[in-house]
Amino acid sequence: VVPSLVLLAHTKAPEALKAVLDIVKQGKISVVGKPLKFLEPQDYNGVAVHPVQLRLNFLLAVAGGYAIVDDYFVLSTTLAGLKSVIDTSTGKTPALRNITFSTDTNGVQVFIQPELFVLELKRFLPLVTVLASLTGQELDASLTRRITENLFPLESLGPISAEINFSEHRVDAEVRIVLEK
């Protein structure tokens with residue numbers, strides 16, 4: 001099972017981004033020599049969802065997707081992750097409480113729920129091993145085991161949010177961690 005990782009990026013020109021994505025879909029994009037397949041768009045709660053499939057071998061395929069939601073480009077490794085962002089933006093699912101991000105940002109905003117993140121990370125490590133093997137590289141099994149075994153302190157934390165802002169001369173980062181759940 002593929003972990004659900006979601007990337008949100010604010011776009012100042014959604015229509016221009018849509019045009020660029022249409023051009024990208026016409027190209028021959030591949031990841032580790034495996035072609036990306038752009039499937040037929042679907043409508044989900046009034047938002048166009050664009051499923052993307054990466055076939056790793058004849059038995060295993062990763063199906064994620066992307067959408068433009070409220071001027072944000074949303075890319076997810078799973079359709080469920082993408083749909084949860086759409087549900088939150090349309091009010092179908094409640095938004096996160098006690099988490100604030102500034103509205104004037106030139107960077108990246110991150111929110112992590114450690115108890116969910118650790119589970120997804122544990123599922124992601126075997127996928128990285130498979131992808132690495134497709135490129136002919138071997139990952140040390142003891143390294144991935146040590147990483148998995150040492151994630152327990154992270155699970156005890158509450159929500160983590162971060163803002164990273166970029167300017168011509170510096171990068172500012174603010175990380176907020178709730179120490180208790």
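The rules we used
- Residues numbered from 1 in each chain as written.
- Predicted model: local features only at pLDDT ≥ 70, side-chain atom pairs only at ≥ 80, totals over all residues.
- Heavy atoms only, no water.
- Salt bridge = Lys/Arg side-chain N within 4 Å of Asp/Glu carboxyl O.
- Helix = DSSP H or I, 4+ residues; strand = E, 2+ residues; numbered from the N terminus.
- Buried < 20%, exposed > 50% of the residue type's maximum accessible area, 1.4 Å probe, protein only.
- 1 Å grid on protein atoms, 1.4 Å probe; cavity = no way out; pocket = protein on both sides within 12 Å on 5 of 7 lines; lining within 4 Å.
- Points joined across faces, edges and corners; volume = space filled by probe spheres on them.
- Pairing = 2+ DSSP bridges.

Scanning the entire structure with this criterion turns up six salt bridges. Here Asp-22 and Lys-25 are joined by a salt bridge, their closest N and O atoms 3.8 Å apart. Placement of both Asp-22 and Lys-25 in helix α1 (residues 14–26) is noted, with a separation of three residues, approximately one turn of the helix. The class of Lys-25 is partly exposed, set by a relative accessible area of 26%. Of the charged contacts, one joins Glu-149 and Arg-145 as a salt bridge, the two residues approaching to 3.6 Å between their closest N and O atoms. Residue Glu-149 and its partner Arg-145 are located together in helix α4 (residues 141–149), separated by four residues, close to a single helical turn. Look at Glu-149 and you get partly exposed, because its relative accessible area is 48%.

This part is about the layout of surface pockets. Estimates place the volume of the second largest pocket at around 450 Å³. Residue lining of the second largest pocket: 20 residues in total, with Leu-36, Leu-54, Val-62, Ser-76 and Thr-77 positioned closest to the centre. Of all elements in the fold, only β1 (6–10), β3 (34–38), β5 (47–55), β6 (61–69), β7 (72–76) and α3 (114–134) reach the threshold of two or more residues within the lining of the second largest pocket. In terms of residue count, the dominant contributor to the lining of the second largest pocket is β6 (five residues).

Strand direction decides the pairing type here: strand β9 (residues 160–166) and strand β10 (residues 171–177), joined by seven bridges, are antiparallel. For Asn-165, the partnering residue across the bridge sits in β10 and is Asp-172. The hairpin turn running from β9 into β10, its antiparallel successor, is four residues long.

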